[in-house]
Amino acid sequence: MKKHDIVYLTEDASHDAAIEIINEEAFGPGRFVRAAARIREQGPHDRSLSFICTDDGEAIASVRMTPVMAGPVRGHLLGPLAVRPSHKNRGIGRELVRIAVEAARRKGSEAVILVGDPSYYQPLGFEKVHYGALEFPGPVDPARVLVVPMAADVHARLSGVICWRDDSVAPVPGQAVEARAEGAAA
Ligand SMILES: CC(C)(COP(=O)(O)OP(=O)(O)OC[C@H]1O[C@@H](n2cnc3c(N)ncnc32)[C@H](O)[C@@H]1OP(=O)(O)O)[C@@H](O)C(=O)NCCC(=O)NCCS
């Protein structure tokens, strides 16, 4: 019997070709027209929050995370998530989701959002977004729009357009507090 050596790694550019093959196999050419893919076309994903799984050195699964604004919420869009057929049903998909969500939480993300099957993602901490609250750049089934809320009032604030966000310029928390204090004094 073949020995498995399963390892989870942060994605880097050397993994791009293997990830392309994994996603092509899982989703086919139709993957580029999906609403979530159209957000991902707007700008790069965040490699520091994107992960692969290797078996004996070969990439066999991938999850990517893209910074987004979802209305006023500074979050991340999870996906694509794909596991090669040879490695399905061993908990690898669930583990990649868990790792990516925890990495986003540590980075201060307010929410991890995705379009996917509730029966797969709800046991992993995802909740349904209010019906039709987010406007995607293409049609989505509102029942499949899910979120892990990681800040106060996320469900109440998740409303409006969801689009790629440039997080190369980090917010300066001190400045935001000052601005709020000035407003409060006025
Ligand atoms: C969906 C996918 C990522 C799951 O990865 P995986 O490593 O096989 O999943 P896990 O081992 O973590 O979990 C397996 C469980 O999820 C269930 N499951 C798999 N796909 C599911 C789906 N689309 N909806 C609901 N449950 C699903 C399995 O039946 C299994 O259930 P069990 O534990 O009760 O037996 C993988 O099947 C895949 O790559 N599919 C094609 C691409 C895709 O659909 N990606 C998700 C886009 S939303």
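Residues numbered from 1 in each chain as written. Predicted model: local features only at pLDDT ≥ 70, side-chain atom pairs only at ≥ 80, totals over all residues.

Per an unreviewed UniProt entry, the protein goes by the name N-acetyltransferase and belongs to Sinorhizobium chiapasense.

All right, on to the nonpolar core then. Membership of the largest hydrophobic core comes to 40 residues, with the highest contact counts inside it found for Ala61, Leu78, Leu96, Ala100, Ile113 and Val147. Of all elements in the fold, only helix H2 (35-40), strand E2 (51-55), strand E3 (58-70), strand E4 (73-83), helix H3 (92-106), strand E5 (111-115) and strand E8 (145-149) reach the threshold of two or more residues within this core. (Core = buried A, V, L, I, M, F, W, Y, C linked by C-beta atoms within 7 Å. Buried ≥ 20, exposed ≤ 12 C-beta atoms within 10 Å, placed from the backbone. Helix = DSSP H or I, 4+ residues; strand = E, 2+ residues; numbered from the N terminus.)

A few words now on the pairing of E3. By the criterion of burial, E3 is predominantly enclosed, with 10 of the 13 residues buried. In terms of strand pairing, E2 meets E3 through 5 bridges, oriented antiparallel. Each bridged residue has a counterpart across the sheet, and for Asp55 the counterpart in E3 is Glu58. The loop that links E2 with its antiparallel partner E3 comprises 2 residues; one of these, Asp56, has a positive phi angle of about 55 degrees. Of the strand pairs in this sheet, E3 and E4 are connected by 9 bridges, and their pairing is antiparallel. Opposite Met69, over in E4, you have Arg74 as the bridge partner. As paired strands, E3 and strand E9 (residues 160-164) are joined by 3 bridges and run antiparallel to one another. Of the residues in E9, the one forming a bridge with Val68 is Trp164. (Pairing = 2+ DSSP bridges.)

Our focus in this paragraph is the pairing of E5. Within E5, 5 of the 5 residues are buried, leaving the element largely enclosed by the surrounding structure. Judged by which residues are buried, E5 turns out to be covered on both faces: Ala111, Ile113 and Val115 on one side and Val112 and Leu114 on the other are all buried. With 2 bridges connecting them, E4 and E5 associate as parallel partners. By the bridge assignment, Leu77 is partnered in E5 with Ile113.

For the rest of this paragraph, the subject is the site of the ligand. Near the ligand lie 15 residues; those nearest to it are Lys88, Gly93, Arg94, Gly116 and Asp117. Elements supplying a minimum of two residues to the shell around the ligand: E4, H3 and helix H4 (118-121). Here the shell around the ligand is composed, by residue class, of 6 nonpolar, 5 polar and 4 charged. (Near = placed C-beta within 6 Å. Nonpolar A, V, L, I, M, F, W, Y, C, P; charged D, E, K, R; others polar.)

The share of residues in the protein with pLDDT of 70 or more is 89%, and the mean pLDDT across the chain is 91. In this model, residues 174-186 is a region of pLDDT below 50 whose contacts with residues beyond four sequence positions or in other chains number 1 contact. (pLDDT = per-residue confidence, 0-100. Contact = placed C-beta atoms within 7 Å.)

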